[in-house]
Amino acid sequence: MGKEFYGAYPEFRHVMEEADDTLKYRLSKLCFEGSEDQLKLTAITQPSILAVSIGVWEILKSRMSLPEFVAGHSMGEYSALVSAGSLAFRDAVITVKLRGEFMQEAVPHGRGAMAAIIGMKAKDVEKICQEASEGEVVSPANFNSPDQTVIAGESSAVDRAIEIAKKNNAKRALKLPVSAPFHCALMKPAQERLAQHLEGVVIGNLSFPLVSNVEAAIIFEGKKAKDSLIRQVSSPVLWESSMKVLRQQGVDVLIECGPGKVLSGLAKRIDSSFKIYHVEDESSLRETLKEMESLRI
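Definitions and cut-offs
Residues numbered from 1 in each chain as written. Predicted model: local features only at pLDDT ≥ 70, side-chain atom pairs only at ≥ 80, totals over all residues. Heavy atoms only, no water. Pairing = 2+ DSSP bridges. Helix = DSSP H or I, 4+ residues; strand = E, 2+ residues; numbered from the N terminus. Axes fitted to C-alpha atoms, helices over the stretch in contact; angles between N-to-C directions. Contact = heavy atoms within 4.5 Å. Buried < 20%, exposed > 50% of the residue type's maximum accessible area, 1.4 Å probe, protein only. Phe/Tyr/Trp six-rings, centres within 6.5 Å; stacked < 30°, edge-to-face > 60°. Lys NZ or Arg CZ within 6 Å of the ring centre and 35° of its normal. Parallel < 35°, antiparallel > 145°, perpendicular 65-115°, else oblique. Nonpolar A, V, L, I, M, F, W, Y, C, P; charged D, E, K, R; others polar.

Sorry if this is basic, but what is going on with the sheet that holds strand 2 (residues 138–145) here?
Read across the open sheet, the 4 strands follow the order 2-3-1-4; overall the sheet is antiparallel. Across the chains shown, the open sheet's two edge strands, defined by having one partner strand only, are strand 2 and strand 4 (172–175). With direction set aside, neighbouring strand axes in the sheet form an average angle of 20°. Pairing between strand 1 (residues 112–118) and strand 3 (residues 148–154): 7 bridges, direction antiparallel. When the sheet's bridge partners are listed, Ala113 is paired in strand 3 with Gly153. Strands in contact with helix 8 (residues 122–133) are strand 1, strand 2 and strand 3; relative to strand 2, the strand with the most contacts, it is inclined by about 165°. Here helix 13 (residues 262–270) sits on the sheet and contacts strand 2 and strand 3; the angle it forms with strand 2, its principal contact strand, is near 80°.

Given below as structure tokens:
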């Protein structure tokens, strides 16, 4: 991911080189040449997505107007804070690497799992988790859209929830290829370790506001932003509510920066009136800049 930009845009290359220098290994090489198995490891995935997303942001910010708001799904909240000038990129890339390690180490391999439940209302998924728990942890982890909720917890409980969802006519209920059960109570040890690390990290006030994952609330203050980063480790991502907050604020244009366009698809299902663009390669960059020019953004 990002290789096309590396040779063409000095600002993107600078971000990747800064990540390499900060982490003391060639993250850029892993991004461009790493195997699928390597890139699935959360301690690699998180800094890789952060670096590529901020590289894209650096390309965009000198070519169009600055945003009125930012938001980021889970780890993407770090990218949002960097773009808002609240968090230094070097601090962010170290923190997300550690965050990934803390999350990976919080639960023994194979004990935890995540699954996407599609075609059911969130309140029904919550009831299914309660029924499936049987004294184990399983709960909603991402409220992604009106018809998609991701759950996380102990593998056996997640398996039971999948079966119950299928019996209750879920359109799809399937495990996700992730390395840890994020955003659930099993992540409390990781949350505590991250809180200790963030005590030494400066997070200032934002140049433009963030809509936080934890409360779907508008944040300007660095102190609140840091609290949100800590709490989100074991709390569900309120993505659907966050997008609704943006729409209520009059936001009608969204740009997704970085690899993939999953968030673009979710936003369209949340509110079809959004004008949505994504930038992950040269073609999508040209298209987005052309559209922004026509919209005078």
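Don't stop here, the text continues.
Help me understand helix 12 (residues 239–248), please; the structure alone is not making it clear to me.
Three- or four-residue spacings in an α-helix give side chains the same orientation, since the helix completes a turn every 3.6 residues. What helix 12 keeps buried is the set Trp239, Glu240, Ser242, Met243, Val245 and Leu246. For helix 12, the elements touching its buried residues are strand 2, strand 5 (210–211), strand 6 (218–219), strand 7 (253–257) and helix 13. Within two residues after helix 12, Gly250 carries a phi angle of roughly 90°, on the positive side.

Can you walk me through unusual backbone geometry in this structure?
With glycine set apart, most residues show a phi of negative sign, and most peptide bonds adopt trans. Even without being glycine, Lys24 reaches a positive phi, approximately 65°. Note that Lys24 resides in the loop between helix 2 (10–23) and helix 3 (27–33). A relative accessible area of 67% places Lys24 in the exposed class.

Is there a simple way to explain the pairing of strand 2 in this structure?
Across a regular strand the side chains alternate sides, sitting on one face of the sheet and then on the other. The buried fraction of strand 2 is high, at 7 of 8 residues. With 6 bridges joining them, strand 2 and strand 3 adopt antiparallel strand pairing. Within strand 3, the residue paired with Pro140 across the bridge is Ile151. Here strand 2 folds back onto strand 3 in antiparallel fashion, the turn holding 2 residues.

Where do I start with the environment of Thr149 in this structure?
Structurally, the position occupied by Thr149 is in strand 3. Between the C-alpha atom of Thr149 and that of Leu206, which follows or precedes it by 57 residues, the distance is 30 Å. Excluding residues within four positions of it along the chain, Thr149 makes contact with Ala115, Ala116, Ile117, Ala122, Val125, Pro140, Asn142 and Phe143.

Even after reading the chapter, I still don't get the packing of aromatic side chains, so can you show me in this structure?
The geometry of an aromatic ring pair comes down to the distance between the two centres and the angle between the two planes. Summed over the entire model, instances satisfying the criterion amount to 4 aromatic pairs. Measuring from centroid to centroid gives 5.8 Å for Phe5 and Tyr9, while their planes differ by 70°, and the two rings are edge-to-face. The class for Phe5 is buried, based on a relative accessible area of 1%. Overall, the relative accessible area of 12% leaves Tyr9 in the buried class. Of the aromatic side chains, those joined through ring pairs into one cluster are Phe5, Tyr9 and Phe12. Positioned above the aromatic ring of Phe274 is the side chain of Arg247, whose terminal nitrogen or guanidinium carbon lies 5.8 Å from the ring centre.

How do you make sense of the environment of Val237 when you look at a structure like this?
In this structure, Val237 sits in the loop between helix 11 (222–231) and helix 12. Sequence spacing of Val237 and Val178 is 59 residues, and the spatial spacing of their C-alpha atoms is 16 Å. Non-local contacts of Val237, meaning those with residues more than four positions away in its chain, are made with His73, Ser74, Ala141, Asn142, Phe143, His183 and Asn213.

Any chance you could explain the packing of helix 10 (residues 188–198) against helix 11 here in plain terms?
Relative orientation and spacing of two packed helices are given, respectively, by the angle between their axes and the distance between those axes. In contact at an axis separation of 9 Å, helix 10 and helix 11 are set at 155° when each is read in the N-to-C sense. Accordingly, the angle class assigned to the pair helix 10 and helix 11 is roughly antiparallel. Here Gln191, Leu194, Ala195 and Leu198 of helix 10 lie close against helix 11, whose contacting residues are Lys226, Leu229, Ile230 and Arg231. For the contact of helix 10 with helix 11, the residue count by class is 5 nonpolar, 1 polar and 2 charged.

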